[in-house]
Every structure is written in C-alpha cells, then in structure tokens.
Amino acid sequence: MKPYQEKRVLVTGGGGFLGSHLCDKLVSMGYDVLCVDNFFSGSKKNIIHLLEKPNFELIRHDIVHPLYLEVDEIYNLACPASPIHYQYNPVKTIKTNIMGSINMLGLAKRVKAKILQASTSEIYGNPERHPQNESYWGNVNPIGLRACYDEGKRCAETLFFDYHRQNKVRIKVIRIFNTYGPRIHPEDGRVISNFIVQALTNKDITVYGDGSQTRSFCYVDDMIEGIIKMMEETPDDITGPINLGNPEEKSILEIAELVLKLCKSKSKIVFLPLPKDDPVRRRPDISLAKKVLKWEPKIPLEEGLKRTIEYFKSIL
Ligand code: NAD
Ligand code: UDP
Ligand code: UDP
C-alpha cells in the first residue's frame, strides 16, 4: 500500500481562470492538490481562499524549468490564454507550450502519472469546416500574430502523442472552446470580460470588425465538469483529442447586445478594426464528448452571463 491515502493531483496554471475553478473542485473532492503557477496571467486572489485547506498546496514555479514532484495525475493548463497576454511575449508563450509540455511529460513519464493537456479550438485556426470536429486538421497561419499560441498548442499536442507512442505515457487531450465565467482577468481583453466591464462602467462597447464573426461560449462550471470526466472516467485507450465547448453559436454583435440588456447599461456600441487573423467563425462539434464522456453543457448563455456579471459587479 502507498504511504499516502489521497490521490495527488498537480494543476499547472492553477492560479488562472480555469485552473482556479479546477483546483476548487478537486479540493472539494478530497484530493491532495498541488497548484503550480508563475502568476503571469493568473492571480493569487483566485486561490487565496484555498490556502487554508490542508489538502491544497501552492508552488510558485515556471514550467519552462524542470519540476520534480511525486503525483498521480497532472492537469497541464499553464499558458496565457487571451490574445493580449499570449502576444505580450510570444517567444515565452512558445517556450511555455513546448518546453513546459516536455517538462510535464517528462514528469508524467518518470512517476507514471496520467496527464491531461488543455488544448484549444485555436488549433483549428480560421476553420474552413463548420462546425469543427476532431478529425479536422485546421487552417492556421504559421507566421501570424496568433501563431505563438496556435502553433505552440499544436506542437504540444504532437508532443503528447509522441510521449504516448514512444514512452507509453497515459495522455488525455481536450480541445477547449471559448469559456467564460467569474475570475476571468478583467483586463485580459477577452470579449465577455471586456463587454461586461465596459457595460458596467458605462464605457463604449468595443466590437471589433462588424461583429458578424461568431464564437460559441461555454460557462466555466460545465467546462470543469467535462475536464474532470475526461481525466477520471475514461479508460487509458481514450487519449482524445476531444472537443469541449458549448455549441450555441452567437455573433459578437449579438453578445454585445445581450450584455447591454443584462447589465441594463447605457453604453453605446462602437466598431473598431478587426485584429489580424481573427477567426471568422467557431463552433464545436461535441458529438464525441457526448458519446464518450456522456457530457454536454447545461448552463445557458444568459444564465452564465448573469453569474459572470454579478462577479464583475463585486470586483469593480
Ligand atoms: P489564464 O491566463 O487565466 O490561466 C493560465 C495560467 O497559467 C495563469 O495563472 C498563468 O499565470 C499560468 N502560466 C502561464 N505561463 C506559465 C508558466 N510558464 N509556468 C507556470 N504557470 C504559467 O487562462 P485560462 O483561460 O484559465 O486558460 C487555462 C488553459 O486553458 C490554457 O492552457 C489555455 O490555453 C486553455 N484554454 C482556455 C480557453 C478559454 O476560453 N478560457 C480556451 C481554450 C483553451
Ligand atoms: N523532467 C522534469 N521532472 C521530472 C522528470 C523530467 O521536469 O520529474 C524534465 C527533464 O528536465 C527533461 C524533460 O522533463 O528535460 C523531459 O524528460 P524526458 O525523460 O522525456 O527526457 P530526457 O530527460 O531524457 O531529456
Ligand atoms: N472582440 C471584440 N471586442 C473586444 C474583444 C474581442 O469584438 O473587446 C472579438 C474578437 O475580435 C473575436 C471575439 O471577440 O472575434 C472573441 O475574442 P476573444 O479574444 O475573447 O477570443 P478568441 O478570439 O481567442 O476566440
């Protein structure tokens, strides 16, 4: 018998938006949770309430450097996720995705841990196929402004599958589509947080382009449930990639109007230039997640937005 009782779970990027919600859930499930973060885009505020828990531990560390721990499972979420943050130091974003993944895979290999990679819908680039299913290889500009993230995440997937084939590492790869909720950094430029902050402070709502581009938004609680199901409830031969997201597709202009209505805001919508390589449309095909994980999102957009608006009211 092992000299410890609980499963030891490492969450890299555990101080970020998704990572902190994941830590909350794993701590509540009674596991021994180790949170690793360099706090580039995350915040201690997201996890401060966990520090007093006996089954939670925080390690300030950058996964670009090796890390020697003993764990049973690794959720690899460390990587800035919003365009402002991942384009701030693009070379560092690539290092986090490549060297960080190699280190976490090396760790998983050494201690025989199961490891989950938080991949992204961005690996589909500006998709020519709609909706996107897992067999689509994507349409990514390899030298554009988003490439540090898109290509970094694509190569990370390659590394996961090569460690799996070459070293028998047990991997789980999920492709996360746009997710929102409390604890999104108010200044990281993502659309939902931008619009809510603008609406609540009566500033102009900044729609990029004509707002006809689409995204499909998943509420954080649904996403965390899907991530944990993938780690815990699938046999070792289910490696993914599996899409996780909410297939309810909306144009960015529709999102702006909905946020204005829900915030009862007097802000007006202004149209600004569209950033380069901004994908025109994005919607997950989640048939595989439904079949394999028996999972689909439950929280409708209006409900999720209301909860997120309450959060931003409390911090602004
Ligand atoms: P986030 O920026 O809030 O969280 C990322 C966390 O990783 C932050 O706490 C940051 O400080 C930390 N980090 C970054 N580089 C690191 C490094 N080198 N070493 C250690 N820690 C590091 O973003 P998020 O939305 O919570 O995203 C979490 C993961 O999910 C990311 O890998 C992201 O690519 C993926 N993802 C998120 C979304 C989404 O819509 N939120 C969509 C697709 C994929
Ligand atoms: N590594 C780590 N923690 C570990 C084991 C490995 O950070 O517990 C790092 C190690 O520094 C190495 C990387 O993971 O650079 C890849 O490890 P692997 O065993 O695949 O490669 P090798 O050590 O043979 O280069
Ligand atoms: N967007 C916008 N106004 C903003 C922020 C974003 O119109 O203030 C648009 C952006 O151009 C993109 C969509 O909203 O088309 C989603 O942007 P986000 O950065 O949240 O996510 P991603 O582009 O990575 O999916």
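For the structure given in this document, a descriptive report is provided here. (Residues numbered from 1 in each chain as written. Chains lettered and ligands numbered in written order. Predicted model: local features only at pLDDT ≥ 70, side-chain atom pairs only at ≥ 80, totals over all residues. Heavy atoms only, no water.)

A look at the packing of helix α3 (residues 90-111) against helix α4 (residues 147-167)
Interaxial distance between α3 and α4 falls to 9 Å at its minimum, and their mutual angle equals 15°. In this view, α3 runs roughly parallel relative to α4, as classed from their interaxial angle. Of the two elements, α3 crosses α4, and the hand of that crossing is right-handed. Judged by residue contacts, Pro90, Thr93, Ile94, Asn97, Ile98, Ser101, Ile102, Leu105, Gly106 and Lys109 of α3 engage Cys148, Tyr149, Gly152, Lys153, Cys155, Ala156, Leu159, Phe160, Tyr163 and Asn167 from α4. Residues of the contact of α3 with α4, tallied by class, amount to twelve nonpolar, six polar and two charged. (Axes fitted to C-alpha atoms, helices over the stretch in contact; angles between N-to-C directions. Helix = DSSP H or I, 4+ residues; strand = E, 2+ residues; numbered from the N terminus. Parallel < 35°, antiparallel > 145°, perpendicular 65-115°, else oblique. Left-handed = near helix turned anticlockwise from the far one by under 90°. Contact = heavy atoms within 4.5 Å. Nonpolar A, V, L, I, M, F, W, Y, C, P; charged D, E, K, R; others polar.)

Overview of the pattern of salt bridges
Per the counting criterion, the structure on display carries 25 salt bridges. In this structure, the salt-bridge partner of Lys92 is Asp62, at a minimum N-O distance of 2.4 Å. Taken together, the positions of Lys92 in helix α3 and Asp62 in the loop between β3 (56-60) and β4 (73-76) put the pair 30 residues apart, joining distant regions of the chain. Assessed through its relative accessible area of 26%, Lys92 is described here as partly exposed. The exposure class assigned to Asp62 is buried, which follows from its relative accessible area of 17%. (Salt bridge = Lys/Arg side-chain N within 4 Å of Asp/Glu carboxyl O. Buried < 20%, exposed > 50% of the residue type's maximum accessible area, 1.4 Å probe, protein only.)

Quick word on the site of ligand 1
Around ligand 1 there are 29 residues in total, and Leu18, Asp37, Ser41, Tyr149 and Lys153 lie nearest to it. Between ligand 1 and the protein, one listed contact pairs an oxygen atom with a backbone N or O atom of Gly16 at 3.0 Å. Note that an oxygen atom of ligand 1 is positioned 3.1 Å from one of the backbone N or O atoms of Gly42. When ligand 1 sits alone it has 820 Å² of accessible area, and the protein chains cover 97% of it. Of all the secondary structure elements, the ones that give two or more residues to the shell around ligand 1 are α1 (17-28), β5 (114-120) and α4. Ranked by the residues each element gives to the shell around ligand 1, the list is headed by β5, at three residues. Taken together, the residues of the shell around ligand 1 break down into 13 nonpolar, twelve polar and four charged. (Near = heavy atom within 4 Å. Polar contact = N/O pair within 3.5 Å; in protein donor to acceptor, adjacent residues only side chain to side chain. Areas by Shrake-Rupley, 256 points an atom, 1.4 Å probe, with all protein chains shown as cover.)

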